[in-house]
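Single-letter residue listing:
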Amino acid sequence: MDLLSELGPLALGSRLRRLTERMTQEVMLIYKEQDIDFEPRWFPVYYLLSRRAPISIMDIAKILGISHPAVNQVAGEMIKHEIVHALKDETDKRKRLLALTQKGEAMLPALQVIWNDLQVAVNGLLDASDSDIMRAIHQMESTLDERGIYARFIDCQDRKLQGSIEIVDYSPALKEHFKRLNLEWIEQYFSLEPPDAAILNNPEESILKQGGAVLFARRVNCLGEEEILGTCALIKHDHTTYELAKMAVSEKARGKKIGHRLMEAAIAKARELGGKLLMLETNSRLLPAIHLYRKMGFTPFDFSSQDKPHYERVDMRMRLPL
């Protein structure tokens, strides 16, 4: 049974590593039989140094597309075997440059003969495999440069999250989440003010009994546990005017369009309640929130002399005709 083959794309990295290890072992055998004290993993760095030296570790990493620590490790091994030595950059004493030693340069002719024959052997392997694997590897690397596995994984997680989110109305069991989520962002950017405490401690009296509403973004996670990831409120001002207030999304769920879902639900709820105008107060520091408001159609308007903001942190007011 070949488990890695059965796992398919999920084990792609492990399968490539297995292939690399197998090829490395065979090339090590070639060097050993040719009585050359050389490790296959040194090849890219050595080859680069044979063509372009001295060169810094940072530049080597950039040219080869591998990590700085990986180059450091290989360089350390090659220095220990007296194939490479380190120099100080005359223009920048903090920068370490690498170059081949006399011993390293003396190895090049014999290595070049091996590499020429190895090229023939590898080409034969590729021809026998009946696939353009080099082209496929190049295409995969280019595709990874455009969008890596991590980004694609997060996209998948976000799609699953979006599919599992439901917007629900207030219930007494959700009261503490309304307070928790709002305290999280208020205390991160500002200070709690008396109007905050009045609303957060008693949303039933201050919002619901006045004709408003409180909404929550809820999901059940993979462990079967309920999570409340966001909330917002509609505060009734008069028969046709509502204020969008106390909108908060859990820090771990930000950037996943939960705020967008809450906004859509809040606008629909305001219309359902007979609202003709939806307004909000915010602070110009909250750029992601303002971007969302504008995207949903809200536009700024000035404060009137009779209608002052409800909070000291407020320096911006927006509205959306319904």
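It should be emphasised that the depicted structure is a prediction, and the values quoted were computed from it without experimental measurement.

Asks: I would appreciate a short explanation of the sheet that holds strand S3 (residues 96–100) in the present structure.
Replies: Sheets are built from strands paired through backbone hydrogen bonds, the pairs being either parallel or antiparallel. Read from one edge of the open sheet, three strands run S1-S3-S2, paired in antiparallel fashion. Two strands close off the open sheet at either side, each with one partner strand: strand S1 (55–56) and strand S2 (84–88). Relative to S3, S1 runs antiparallel, the two sharing two bridges. Across the sheet, residue Ile55 finds its bridge partner in S3, namely Leu98. Against the sheet, helix H3 (residues 43–51) makes contact with S1, S2 and S3, and its axis sits at roughly 85° relative to S3, the strand it touches most.

Asks: I would appreciate a short explanation of the environment of Glu33 in the present structure.
Replies: You can see Glu33 is positioned in helix H2 (residues 12–33). Sequence separation of Glu33 and Pro309 is 276 residues, and the distance between their C-alpha atoms is 83 Å.

Asks: Just to check I follow, could you spell out the layout of surface pockets for this structure?
Replies: The gaps of empty space that remain are located by a probe, the size of a water molecule, rolled over the atoms. Quantified by volume, the largest pocket comes out at close to 2,300 Å³. Elements supplying a minimum of two residues to the lining of the largest pocket: H2, H3, helix H5 (68–80), helix H6 (102–129) and helix H7 (133–146). With 15 residues, H2 is the largest single contributor of residues to the lining of the largest pocket. Class assignment of the residues belonging to the lining of the largest pocket gives a composition of 29 nonpolar, 10 polar and nine charged. What lines the second largest pocket is a set of 33 residues, among which Met247, Pro288, Ala289, Leu292 and Tyr293 lie closest to the centre. For the lining of the second largest pocket, the secondary-structure elements that each account for two or more residues are helix H9 (175–189), strand S7 (241–249), helix H12 (258–272), strand S8 (277–282) and helix H13 (287–295). Tallying contributions element by element places S7 first for the lining of the second largest pocket, with seven residues. Classifying every residue of the lining of the second largest pocket gives 18 nonpolar, six polar and nine charged.

Asks: Would you take a moment to explain the pairing of S7 for this structure?
Replies: Every other side chain in a regular strand lies on the same face of the sheet, so the side chains alternate between the two faces. Burial analysis of S7 places nine of its nine residues in the buried class, which makes it a mostly covered element. Both strand S6 (residues 226–236) and S7 contribute to a ladder of six bridges, which runs antiparallel. Each bridged residue has a counterpart across the sheet, and for Lys236 the counterpart in S7 is Tyr242. Following S6, the chain reverses through four residues before pairing antiparallel with S7. Relative to S8, S7 runs parallel, the two being bridged by three bridges.

Asks: Explanation requested: H13 in the structure shown.
Replies: Each full turn of the α-helix corresponds to 3.6 residues, which orients residues three or four apart in the same direction. Turning to H13, its buried residues number three or more, namely Ile290, Leu292 and Tyr293. Along the axis of H13, the buried residues cluster in a sector spanning 160°; they form a single face. Away from its buried face, by an angle of more than 90 degrees, H13 presents the exposed residues Leu287, Pro288, His291 and Lys295. In the segment just after H13, Gly297 is the residue with positive phi, at about 105°.

Asks: Explain the nonpolar core here, please?
Replies: What tends to happen in soluble globular proteins is that the nonpolar side chains get buried as a cluster. Residues Leu244, Ile258, Leu278 and Phe298 are the most contacted members of the largest nonpolar core, which totals 29 residues. Secondary structure elements with two or more residues in this core: strand S5 (213–220), S6, S7, H12, S8, H13 and strand S10 (316–321). Top element by residues in this core is H12. It accounts for seven residues. Membership of the second largest hydrophobic core comes to 26 residues, among which are Val74, Ile83, Met107 and Trp115.

Asks: Help me understand the sheet that holds S6, please; the structure alone is not making it clear to me.
Replies: The strand order across the open sheet formed by seven strands is S4-S5-S6-S7-S8-S10-S9, and the pairing between neighbours is mixed. Edge strands, defined here as strands with exactly one partner in the open sheet, are strand S4 (166–169) and strand S9 (299–300). The pairing of S8 with S10 spans six bridges and is antiparallel. When the bridges of S10 are listed, Met279 appears paired with Arg319. Here H13 sits on the sheet in contact with S7, S8, S9 and S10, set at roughly 25° to S10.

Asks: Just checking my understanding: could you explain the pairing of S10 for this structure?
Replies: Sheet analysis places S9 next to S10, joined by two bridges and oriented antiparallel. In the sheet register, Thr299 faces S10, and the bridge partner there is Arg319.

Asks: Mind showing me how you'd approach the pattern of salt bridges here?
Replies: Two side chains that carry opposite charge are able to pair once their charged atoms sit near each other. Tallying each qualifying case throughout the model produces 17 salt bridges. Ionic pairing is found between Lys252 and Glu227, a salt bridge with its closest N-O pair at 2.7 Å. Taken together, the positions of Lys252 in the loop between S7 and H12 and Glu227 in strand S6 put the pair 25 residues apart, joining distant regions of the chain. Note that Lys269 is salt-bridged to Glu272, the shortest N-O span being 3.7 Å. Remark: Glu272 and Lys269 occur in helix H12; sequence separation between them is three residues, near one turn of the helix. For Lys269, a relative accessible area of 15% translates into the label buried.

Calculation criteria
Residues numbered from 1 in each chain as written. Predicted model: local features only at pLDDT ≥ 70, side-chain atom pairs only at ≥ 80, totals over all residues. Heavy atoms only, no water. Pairing = 2+ DSSP bridges. Helix = DSSP H or I, 4+ residues; strand = E, 2+ residues; numbered from the N terminus. Contact = heavy atoms within 4.5 Å. Axes fitted to C-alpha atoms, helices over the stretch in contact; angles between N-to-C directions. 1 Å grid on protein atoms, 1.4 Å probe; cavity = no way out; pocket = protein on both sides within 12 Å on 5 of 7 lines; lining within 4 Å. Points joined across faces, edges and corners; volume = space filled by probe spheres on them. Nonpolar A, V, L, I, M, F, W, Y, C, P; charged D, E, K, R; others polar. Buried < 20%, exposed > 50% of the residue type's maximum accessible area, 1.4 Å probe, protein only. Arc of directions from axis to C-beta. Core = buried A, V, L, I, M, F, W, Y, C linked by side-chain atoms within 4.5 Å. Salt bridge = Lys/Arg side-chain N within 4 Å of Asp/Glu carboxyl O.

Treat this as a map of the structure, not an account of what it does.
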